[in-house]
Structure formats: C-alpha cells, structure tokens
Amino acid sequence: MTRLISFRRPDGLPSFGRLDGDTVHDLGTAGSAAFLKDVADQGLAALPATGQFALADVRLLPVVPNPGKILCVGLNYATHVAETGREQKEFPAIFTRWADTLIAADEPLVRPRETERFDYEGELAVVIGKGGRRIARADAMAHVAGFSIFNDGSARDWQRHNIQFTPGKNYPATGAFGPALVLPDEVADLGSQRVQTRLNGELVQDQPISDMIWDIPFVIEYCSTFTPLAPGDVIVTGTPGGVGDKRKPPLYMKAGDVCEISIGVIGTLTNPVIDEI
C-alpha cells in the first residue's frame, strides 16, 4: 500500500515522500522545500524518488502541513447528533480550522489552559487532489487525492460560548493529522472502514464510515459550491457518537493520556496529551 508522508529532512527542510517500512523515499526536489499539496493533483503513486532517508532520521509533519483550507463537517453521524440533543438538519454544519493548529502523528495534543473540557473527535480526513468549483456529486471522488486520519481536539466550553464552533476548534496544537495519506484506489471499500477512537486503550468511538449522514461526494459538492477547492485542501468529515463531553460521567483528555484513532486500512493516528505551559 502506498503511504505518503510529509516530514522535515535531517537538514530541517520540509518535504514529502513515500513510506516503505522504515525507509522514506523523498519525492521533493533535493535541496529545496517541498510540499505535498503542490503535487496533489498529479499521479502520486508514480512520482519519482529524489533521495531516501531512514524514518528515524526525519521528523513527521501533518500530512498536509500547509493546506489553503481546512473545512470541517459537524454532526455528520446520527449517533453524534442524538447525543448532542440537536435536531438533524437538511444540510451539514460546516466550520473551519486553521493550518497553524495542526500537529503530526506522535506529537502531543496540547490541552489549553482555558479549558478542563478538552475532548477527542476521531474523524476521516479527505485531501483534495484536483481542485474545482461547483463540483458535481457524480464527479467528486475524482477530485480526491487520498484519505488520512484527524483528531479534532475540541475545547468544548469555548466551542459553546455562542452558536459558532470556531473558538473551541482552533487552539494551537489541537488538530492532529496523520500519519500518512492513503490513495483512494488502495481503499477497496471505504464505507466499511470503521472510525475507532481509544483513550488510554479504552474504545470510546466505533462506527463505519458508511453511517455518515452526508457522504463524501455530497460534502465535496456542497463545499465547492460556496468556495473553490484547491489541491491540498482538507475536508474533515465528522465524528461518530461517543465523544467525551456527552458520556456519563464526561471523559475529557488530560495530561498523560494517549489518544489513538484507527480507520481500518488507512492506519492509526496516535498522540499523547500534555498541558499547555
């Protein structure tokens, strides 16, 4: 299976490459900064290697460290709608994240000083390959470069200061994204892949992607209607029920915890949790 990662080379320059066991085949231009989003509209499986490194000698970055847009779908599983007590709407709730909130796999999620209600949200991330505006639902999957995993770390109290989600979703180092991008052709049955979140080994979310209220083609069509999508843009597709804020008693992330999100063949995203200093 082709897995693409973004990373910092031993010299500190950012690049991207193909992961083969413990070897990273660099696909960026040697000696220059290189970013996955700049080639997301190309045949990623066929890109030639320009060098290689041991995985231990590079530092992982978020799969797309510098997306132009991160669009997040709220309330996209009926179980999550039910646990929040909200009414299911005709159209999805869309909110935005900023790129400077992102962290890579294995990096710490940072619980902000302003909240004791720091929550996990395991989600499938879709990376746009071919850009466009008003993309038809029937054509939407041809615009997908690949899939990854996202933990939409949420400061629940700040999320609910008013009706908007933005403040609780954009604290620094709260959006974990990785570890790798898996190409669409290599996920034979996307709908059957289960979003499974574990906090300190306890399974707290477990639902197949097929249970989404609004599927990926609909979300791409909907989002590209109000804003043009570009290569490297990210759509975070929503979390299943089981979030910590709605459990009895509530279950929030705290320093010393480890949060793992697995999505079938797409992989596992693991992050420890620390407190903001």
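These numbers were taken from a predicted model, which means no experiment stands behind them.

**Q** Is there a simple way to think about empty space enclosed by the protein in this case?
**A** Rolled over the atoms, a probe as big as a water molecule pinpoints where empty space is left. Taken as a whole and judged by the stated rule, the model has 1 cavity of 30 Å³ or more. Counting only elements with at least two residues in the lining of the largest cavity, the list comes to strand S6 (70-74), helix H1 (78-84) and helix H2 (156-159).

**Q** Would you take a moment to explain the nonpolar core for this structure?
**A** Inside soluble globular proteins, nonpolar side chains tend to come together where they are buried. Among the nonpolar cores identified, the biggest contains 49 residues, and Leu124, Phe147, Ile220 and Ile266 are the most heavily contacted of them. When residues in this core are grouped by element, the largest group, 5 residues, is from helix H3 (residues 216-226). Setting aside residues no more than four positions away along its own chain, Ile220 makes contact with Ile128, Ile135, Ala140, Val144, Leu229 and Ile235. Ranked by size, the runner-up nonpolar core spans 25 residues in total, among them Leu27, Ala125, Phe177 and Leu183.

**Q** It is not clear to me how H3 should be interpreted in this structure. Could you clarify?
**A** Side chains three or four residues apart in an α-helix point the same way, a direct result of the helix having 3.6 residues per turn. Restricting attention to buried positions, one finds in H3 the residues Ile216, Pro217, Phe218, Val219, Ile220, Cys223 and Ser224. Of the residues flanking the start of H3, the one acting as N-cap is Asp215, its side-chain oxygen 3.0 Å from the backbone nitrogen of Phe218.

**Q** Would you mind going over the pattern of salt bridges with me for this structure?
**A** When the charged atoms of two side chains lie near each other, side chains of opposite charge can form a pair. On inspection of all chains with the given rule, the structure shows 17 salt bridges. For the salt bridge of Asp26 with Arg9, the shortest nitrogen-to-oxygen distance reads 2.7 Å. Taken together, the residues span a long stretch of sequence, with Asp26 in strand S3 (residues 23-26) and Arg9 in the loop between strand S1 (3-8) and strand S2 (14-20) at a distance of 17 residues. Given the relative accessible area of 3%, Asp26 is considered buried.

**Q** When you look at the packing of aromatic side chains in this model, what are you seeing that I'm missing?
**A** The geometry of an aromatic ring pair is captured by the separation of the ring centres together with the interplanar angle, meaning the angle of the planes. A full pass over the atoms with the stated rule returns 7 aromatic pairs. An angle of 75 degrees between the planes, with centres 6.2 Å apart, marks the rings of Tyr222 and Phe226 as edge-to-face. With Tyr222 and Phe226 both in helix H3 and 4 residues apart, this pair spans about one turn of that helix. What makes Phe226 partly exposed here is its relative accessible area of 45%.

**Q** Can you walk me through the side chain of His143 in this structure?
**A** Tracing the chain through its elements places His143 in the loop between strand S11 (122-128) and strand S12 (144-152). According to the relative accessible area criterion, His143 is buried, its value standing at 7%. Once residues within four sequence positions are removed from consideration, His143 is found in contact with Val127, Ile128, Gly129, Lys130, Gly131 and Ile135.

**Q** Looking at this structure, I do not really get the state of the cysteines. What am I missing?
**A** Covalently bonding the sulfur atom of one cysteine to the sulfur atom of another cysteine gives a disulfide. According to the stated counting rule, one finds 0 disulfides in the structure shown. This cysteine, Cys223, is not joined by any disulfide, and Cys72 carries the nearest cysteine sulfur, 9.6 Å off. According to the relative accessible area criterion, Cys223 is buried, its value standing at 0%.

**Q** Before we go on, may I ask you to explain the sheet that holds strand S18 (residues 258-263) in this structure?
**A** Remark on secondary structure: sheet strands pair via backbone hydrogen bonds, oriented parallel or antiparallel. Across the sheet, 5 strands lie side by side as S9-S19-S18-S15-S16; this open sheet has mixed pairing. Each end of this open sheet is capped by a strand with a single partner; those strands are strand S9 (109-111) and strand S16 (202-208). Adjacent strand axes in the sheet meet at a mean angle of 20 degrees, parallel and antiparallel pairs treated alike. Judged from the 5 bridges that link them, strand S15 (residues 194-199) and S18 form a sheet pairing that is antiparallel. Within S18, the position partnered with Val195 by the bridge is Ile263.

**Q** Can you walk me through the pairing of S6 in this structure?
**A** Side-chain direction in a regular strand flips from residue to residue, so the side chains alternate between the two faces of the sheet. Of all 5 residues that make up S6, 5 are buried, and the element is covered over most of its length. What you see with S6 is no split at all: Ile70, Cys72 and Gly74 on one side and Leu71 and Val73 on the other are buried throughout. With 5 bridges connecting them, S6 and strand S7 (residues 93-97) associate as antiparallel partners. For Cys72, the partnering residue across the bridge sits in S7 and is Phe95. Direction of pairing for S6 relative to strand S17 (residues 234-236): parallel, over a ladder of 3 bridges. What sits directly across from Ile70, in S17, is Val234.

Basis of the calculations
Residues numbered from 1 in each chain as written. Predicted model: local features only at pLDDT ≥ 70, side-chain atom pairs only at ≥ 80, totals over all residues. Heavy atoms only, no water. 1 Å grid on protein atoms, 1.4 Å probe; cavity = no way out; pocket = protein on both sides within 12 Å on 5 of 7 lines; lining within 4 Å. Points joined across faces, edges and corners; volume = space filled by probe spheres on them. Helix = DSSP H or I, 4+ residues; strand = E, 2+ residues; numbered from the N terminus. Core = buried A, V, L, I, M, F, W, Y, C linked by side-chain atoms within 4.5 Å. Buried < 20%, exposed > 50% of the residue type's maximum accessible area, 1.4 Å probe, protein only. Contact = heavy atoms within 4.5 Å. Polar contact = N/O pair within 3.5 Å; in protein donor to acceptor, adjacent residues only side chain to side chain. Salt bridge = Lys/Arg side-chain N within 4 Å of Asp/Glu carboxyl O. Phe/Tyr/Trp six-rings, centres within 6.5 Å; stacked < 30°, edge-to-face > 60°. Disulfide = S-S within 2.5 Å. Pairing = 2+ DSSP bridges. Axes fitted to C-alpha atoms, helices over the stretch in contact; angles between N-to-C directions.

In short, the description is geometric, and any link to function would need to be established separately.
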